[in-house]
Amino acid sequence: MSEERTQLASAFVAELQHWRDVAGLSRKALSERLGYDPSYVGKIESGNARPTADFSRRADQHLKAGGALVRLWTEYDQASRQFNGAAAESARAAEPVESAPQPAVGLVVEHDHAVLTYQDGMYRPVQRRKLRNVGSEPVTRYLIRISVDRYPGDPERSNELYRKHPLTWDELDLYALHNGEAMTWQAKHDRDAFKEVWLLFQNDHGRFPLYPGESTWIEYGYAVSDHKWGTWFQRAVRLPTRRLSVELRFPADLEPAAWGMETSMAAEAYPLRTALQQCEEGGFRVYSWATDDPPLHARYRLEWNFRRAPKPYKDEVNSTDAKPSEKMAAIGIAQMGDPILSQVATPFDLPREADAARQVIAQLYSAIERASSIHNFAKGLGVAAPQIGINRAAALVRTADGNVITLLNPVVIEESDTKDEQYEGCWSFFDVRGKVPRPVAIHVEHQSIDGVRSITCFERGDARLVGHEVDHLNGHLYIRRMIQPPNLVPVSEYRGTGEPWNYTDAV
């Protein structure tokens, strides 16, 4: 294989892994979404199969890579045709691509500690790892990844940003240390939104390999402006790890709020099992979290928002001049006019698609946390998957008293004759409120992750919240339920903010 084709094949694999990681999908979960055998993605990433045009197109579409995978496959295919000629087409189709770089064999991470600091418009992650060589050969290099996503939940928008303004080595200003001494580094993959780098156990003064039985500390850090760094920081367990710890350090006067999710390679996602710890330190609000013996391939994703945001968030999220709808759009909520809001959501085939359902639920949790950081929801709140750009039949509701209702494939099968009118707001057009008639009680059939069907009766405010989200899954906004033409009240004139709905009559 020519050098050009080798580089393009390796770049395709790296790009695929990057977007799969951004989406939080395991190889198996991605294969199922694309309609391929579960082992196929693994074969492509390990170099035992060549991606086809159909695979590249489907992967690009499902991972919302904005054409990056299709472009790379096309470049690789053209280079292959030029090298082999038309007569070698069939042989070329079976040719494996170069394997993506794998972690060094025999390494164990005794402690992985990361500190992410935000100050003066810059994010500065510093990561320290204590490595032990438990193998039989000396270790001479260690692979690290630098990956950013400015707009979580909207990878196409991020992809467009980085195509126009790619990460550069000069702005990253990467450094690496071994026991306090400089390490040489070598780029493995240099893509617009991510880099893979070999840290070499050597420098201009000599070599210092990590021999079997030895352990050592390495440290590396870099800088990314908040124009290119999204409000999330993910730690992936790619080597056996004894302890993993993370600190987030934000200026306290920005009033930060942080939370976290855990995702396994089986695509199970749920809030962190233990809460983030919080303290004030030297003008910073510090969030810390740690876990022992994390499972291999687990991913821990920390997210945050600033209630008093600096640029660029000030203009997008928390500016007093920004409209409520603009704030919602800035945190990834689809706005009225987006075609996905008028489509009927695709139901899950449970339990076969349990992994996919867990992923969507995790993203809905994240959306609720982001929205809660910019608005007070005294009446409760809810979000449906189409509102975050996912056309699947899933929604989350958090009631006024804090209970969380998970809805998978919900269908309203019965409504009470008694109805009432209350003002509602919708994240997808948050500049107004509307008085919406709804039944005071509804019976909803829905499924659990394992496919078990059940029927739940919701009443009063809970019925209104659940009914609102089920409408979203049917492609309807609440305007459809209002007396036509709808009488919408600008949020500046609405007087019910911060107060629960009032129900005085019996159901």
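Right above here is the structure, for reference.
Each value, and the rule that gives it
Residues numbered from 1 in each chain as written. Predicted model: local features only at pLDDT ≥ 70, side-chain atom pairs only at ≥ 80, totals over all residues. Heavy atoms only, no water. Buried < 20%, exposed > 50% of the residue type's maximum accessible area, 1.4 Å probe, protein only. Helix = DSSP H or I, 4+ residues; strand = E, 2+ residues; numbered from the N terminus. Arc of directions from axis to C-beta. Phe/Tyr/Trp six-rings, centres within 6.5 Å; stacked < 30°, edge-to-face > 60°. Lys NZ or Arg CZ within 6 Å of the ring centre and 35° of its normal. Salt bridge = Lys/Arg side-chain N within 4 Å of Asp/Glu carboxyl O. Pairing = 2+ DSSP bridges. Axes fitted to C-alpha atoms, helices over the stretch in contact; angles between N-to-C directions. Contact = heavy atoms within 4.5 Å.

Draft legend 1. Summary view of helix 4 (residues 53-63). Among the residues of helix 4, F55, S56, A59, D60 and L63 are the ones counted as buried. Taken end-on, helix 4 shows its buried residues confined to a sector of 125°, consistent with a single buried face. Where helix 4 ends, the next residue or the one after it, K64, has phi of about 55°, a positive value.

Draft legend 2. Region of the structure containing the packing of aromatic side chains. Under the defined criterion, the tally for this structure stands at 14 aromatic pairs. Each ring, one from W289 and one from Y300, has its centre 5.0 Å from the other, and the planes form 45°; the classification is tilted. Remark: Y300 occurs in strand 18 (residues 299-306) and W289 occurs in strand 17 (residues 284-292); sequence separation between them is eleven residues. Residue classification places Y300 among the buried residues on the basis of a relative accessible area of 3%. Geometry around W232 places R301 over its ring, the cationic atom sitting 4.1 Å from the centre.

Draft legend 3. Molecular detail of the pattern of salt bridges. If you walk through the whole model with that rule in mind, you get 28 salt bridges. Where R243 meets D292, a salt bridge forms, and the shortest distance between an N and an O atom there is 2.7 Å. Linking R243 in strand 13 (residues 243-251) with D292 in strand 17, this pair joins segments that are 49 residues apart in sequence. Here the salt bridges share partners, and the residues they tie into one network are D420, E424, R438, R464, D471 and R481.

Draft legend 4. Highlighting the sheet that holds strand 6 (residues 184-190). Read across the sheet, three strands follow the order 3-7-6 without closing on themselves; strand pairing throughout is antiparallel. Of all the strands in the sheet, just strand 3 (141-147) and strand 6 have a single pairing partner and so form its edges. Strand-to-strand twist across the sheet, computed as the mean angle between neighbouring axes with direction ignored, equals 25°. Of the strand pairs in this sheet, strand 6 and strand 7 (residues 194-200) are connected by six bridges, and their pairing is antiparallel. Within strand 7, the position partnered with A187 by the bridge is V197.

Draft legend 5. View of unusual backbone geometry. The linkage connecting L350 with the following residue, P351, adopts the cis geometry, with an omega of 10°. Phi at D173 takes a positive value of approximately 50°, unusual for a residue other than glycine. By the secondary structure assignment, D173 is in the loop between helix 8 (169-172) and strand 4 (175-178). Phi angles above zero are rare outside glycine, and R460 is one such case at about 50°. For R460, the position within the fold is in helix 12 (residues 460-473).

Draft legend 6. Examining the side chain of R235 more closely. With respect to the secondary-structure elements, R235 resides in strand 12 (residues 232-236). Exposure remark for R235: the relative accessible area of 5% places this residue in the buried category. Residues contacting R235, with those up to four places away along its chain left out, are D112, A114, Q127, R129, L244, V246, A298, R299 and Y300.

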